Amino acid sequence: MSRLHIRRILLALCLAPTALSSLHPECELIFQLKREELSCLQDVAEQANRSTEGCQPFWDAVVCWPHAVVGETVQRACPAIFSLFKNNTGSVSRNCTGRGWSRPLPPYHVACSVDDDIPETEQSYFATVKLIYTVGYSISLAVLAVAVLILLLFRRLRCARNFIHIQLFITFILKAVAVFIKDATLFSSEDTNHCTLSTVACKASVVFCHYCVMANFFWLLVEALYLNSLLLSSFYRSRRCLWGFSLLGWGVPVLFILIWIGSRVYFEDTECWDINEDSPYWWIIKGPIGVSIAVNFMLFINIIRILMQKLNPRLIQFNNSSQYRRLTKSTLLLIPLFGTHYMFFNFLPDYFSVNLRLCIELCMGSFQGLLVAILYCFLNQEVQTEVHMQWLRWQERSYGVVSPAAKGSQMDTPF
């Protein structure tokens, strides 16, 4: 069975906050067949000193065949593990002839209703998914890096709001880097067995991936908290508050990641730590992310409620309307990107519509950072004004030309 299918699914699970907590069926198939192989080889060794007449017992990589006399037909049921892929399984038979065992009749892929490989159309689908998320993360990484440089280089853009935006941009950058590192470490070769791979580099890439995903969701939570407090006019502008946001966005994920690493090292140090076989320790990562998604969803509802009240012309002053309308535009465009769509996946059974998860987690998710950078940097009026003013100043220094627009211009900022 092709490992390409496992490759795409495992990468999606790394990036999905609702990553599945049970062992993937294809890995369970590999492990179960391995256990049956060991049991069969033990039986073969025990029967080695018995009669050499007829057909000897052997393991054919799927079923264990016992000793048989010439002319005997042996029938074996398909492994029960195949029921993970099909509801019904059949049986396979072999004839013991003077030349040895015959070929299995019917072939395994027919009798057991399991394809040897994934269809060509599905292979094409996975290749397309990889191309899309590679392009998406590459573009997002480049655009986010430019956005961070703009917010850092221009002194007049340094404020609490943009500080939070910068941290969010950095988490998207790290998330993109984590994808490329995971691709290079785990998926550089098609022959890699991802169900048994266990190296320091492999585990480190998985840990880094989980941390980047957690940090990204917690900084999305910080954005929601900040917008909520801003609309309520309760934000206290101080370094202590920003330190609190930083601790929530960067420190809390570190705490949960360290606890999860300790639990895997001491209790479940198996494979590459990217497969969780009914592991209660997976909730150390999945639980906090699920809570952050739920809180973001509630904050989203609360922000919509506040904006609906404040944008009522009878309840607000005229000089505040433009500010709230601008906040409304940015909030409504960003809040849907806060992971609220993951609320839908939280209530779905495991392995529901893997192709849909791949599309949302990898394809759409790869462009999420690009959208955030465009909305909160390049389309921001203050950023555009400051960049324009710097351009005019550069022209003045270079050519001695002073534009009337450069005189007396002030930025419109709520801080």
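Values in this document were obtained by computation on a predicted structure and should not be read as measured data. (Residues numbered from 1 in each chain as written. Predicted model: local features only at pLDDT ≥ 70, side-chain atom pairs only at ≥ 80, totals over all residues. Heavy atoms only, no water.)

(A) Summary view of the state of the cysteines. A full pass over the atoms with the stated rule returns 2 disulfides. The disulfide bridge from Cys40 ends at Cys64, spanning 2.1 Å between sulfur atoms. Residues Cys40 and Cys64 are joined by a disulfide whose S-S torsion is about 75°; by sign, that bridge is right-handed. Here the residue Cys40 occupies a position in helix α2 (residues 25-46), and Cys64 occupies one in strand β2 (residues 64-65), the gap between them amounting to 24 residues. According to the relative accessible area criterion, Cys64 is partly exposed, its value standing at 22%. In this model Cys55 forms its disulfide with Cys96; the gap between the sulfur atoms is 2.1 Å. Its S-S torsion of approximately 100° makes the covalent link between Cys55 and Cys96 right-handed. (Disulfide = S-S within 2.5 Å. Helix = DSSP H or I, 4+ residues; strand = E, 2+ residues; numbered from the N terminus. Buried < 20%, exposed > 50% of the residue type's maximum accessible area, 1.4 Å probe, protein only.)

(B) Here's a closer look at the packing of helix α5 (residues 160-186) against helix α6 (residues 200-231). Interhelical geometry of α5 versus α6 gives an angle of 155° and a closest axis separation of 8 Å. In terms of axis orientation, α5 runs roughly antiparallel to α6. In terms of crossing hand, the pair formed by α5 and α6 is left-handed. For the contact of α5 with α6, the class distribution of residues is 19 nonpolar, 6 polar and 4 charged. (Axes fitted to C-alpha atoms, helices over the stretch in contact; angles between N-to-C directions. Parallel < 35°, antiparallel > 145°, perpendicular 65-115°, else oblique. Left-handed = near helix turned anticlockwise from the far one by under 90°. Nonpolar A, V, L, I, M, F, W, Y, C, P; charged D, E, K, R; others polar.)

(C) Spotlight on the environment of Pro57. As for its placement among the helices and strands, Pro57 is situated in the loop between α2 and β1 (58-59). Pro57 gets classed as buried once you look at its relative accessible area, which sits at 10%. With 17 residues separating them along the chain, Pro57 and Cys40 place their C-alpha atoms 8.6 Å apart. Among residues more than four places away in sequence, those in contact with Pro57 are Val44, Gln47, Trp65, Pro66 and His67. (Contact = heavy atoms within 4.5 Å.)

(D) The nonpolar core, seen in detail. Ranked by internal contacts, the top residues of the largest apolar core, which has 54 residues, are Phe169 and Trp260. Of all the secondary structure elements, the ones that give two or more residues to this core are α4 (120-153), α5, α6, α7 (239-267), α8 (283-310) and α12 (368-378). The leading source of residues in this core is α6, at 18 residues. Other than its neighbours up to four places away in sequence, Phe169 contacts Leu144, Ala147, Val148, Leu151, Val372, Ala373, Tyr376 and Cys377. Counting residues in hydrophobic clusters, the runner-up holds 13 residues, among them Val92, Cys96, Trp101 and Tyr108. (Core = buried A, V, L, I, M, F, W, Y, C linked by side-chain atoms within 4.5 Å.)

(E) The pattern of salt bridges, seen in detail. The tally for this structure, following the rule as stated, stands at 4 salt bridges. The shortest N-O distance in the salt bridge between Glu37 and Lys34 comes to 3.9 Å. Here Glu37 and its partner Lys34 are both found in helix α2, 3 residues apart, which amounts to about one turn of the helix. Its relative accessible area of 23% is what places Glu37 among the partly exposed residues. A relative accessible area of 45% means that Lys34 is categorised as partly exposed. Glu268 is the salt-bridge partner of Arg264, the closest N and O atoms lying 3.9 Å from each other. (Salt bridge = Lys/Arg side-chain N within 4 Å of Asp/Glu carboxyl O.)

(F) Summary view of the sheet that holds strand β5 (residues 100-101). As summarised here, the arrangement of the 3 strands in space is β3-β4-β5, forming an open sheet in which the pairing is antiparallel. Edge positions in the sheet fall to β3 (73-77) and β5, since each of these pairs with one other strand and no more. As paired strands, β3 and strand β4 (residues 91-97) are joined by 5 bridges and run antiparallel to one another. Paired with Ala77 across the strands is Ser91, a residue of β4. (Pairing = 2+ DSSP bridges.)

(G) The arrangement of the packing of α5 against α12 in detail. Where α5 meets α12, the axes come as close as 10 Å, and the angle between the chain directions of the two elements is 160°. In terms of orientation, α5 lies roughly antiparallel with respect to α12. In this structure, α5 meets α12 at a crossing whose hand is left-handed. Contacts between α5 and α12 involve His165, Leu168, Phe169, Phe172 and Lys175 from the former and Gln368, Gly369, Val372, Ala373, Tyr376 and Cys377 from the latter. Classifying every residue of the contact of α5 with α12 by side-chain character gives 7 nonpolar, 3 polar and 1 charged.

(H) Summary view of the packing of aromatic side chains. Summed over all chains, the structure comprises 6 aromatic pairs. Centroid distance Tyr133 to Tyr137: 6.4 Å. Interplanar angle 70°. Geometry classified as edge-to-face. Of the two residues, Tyr133 and Tyr137 are both situated in helix α4; the distance of 4 residues between them amounts to about one turn of the helix. With a centroid separation of 6.3 Å and 70° between ring planes, the pair formed by Trp260 and Trp282 is classed as edge-to-face. Of this pair, Trp260 sits in helix α7 while Trp282 sits in the loop between α7 and α8, and the two are 22 residues apart along the sequence. Each of the two residues, Trp260 as well as Trp282, counts as buried. (Phe/Tyr/Trp six-rings, centres within 6.5 Å; stacked < 30°, edge-to-face > 60°.)

(I) Layout of the confidence of the model for the protein chain. The pLDDT averaged across the protein chain works out to 75; a share of 67% of its residues lies at or above 70. Across the protein chain, the secondary-structure element scoring lowest on mean pLDDT is helix α1 (residues 4-15), at 46, and the one scoring highest is α7, at 90. pLDDT under 50 marks residues 1-14. Its contacts with residues more than four places away, or in other chains, come to 56 contacts. In this model, residues 405-415 is a region of pLDDT below 50 whose contacts with residues beyond four sequence positions or in other chains number 26 contacts. (pLDDT = per-residue confidence, 0-100.)

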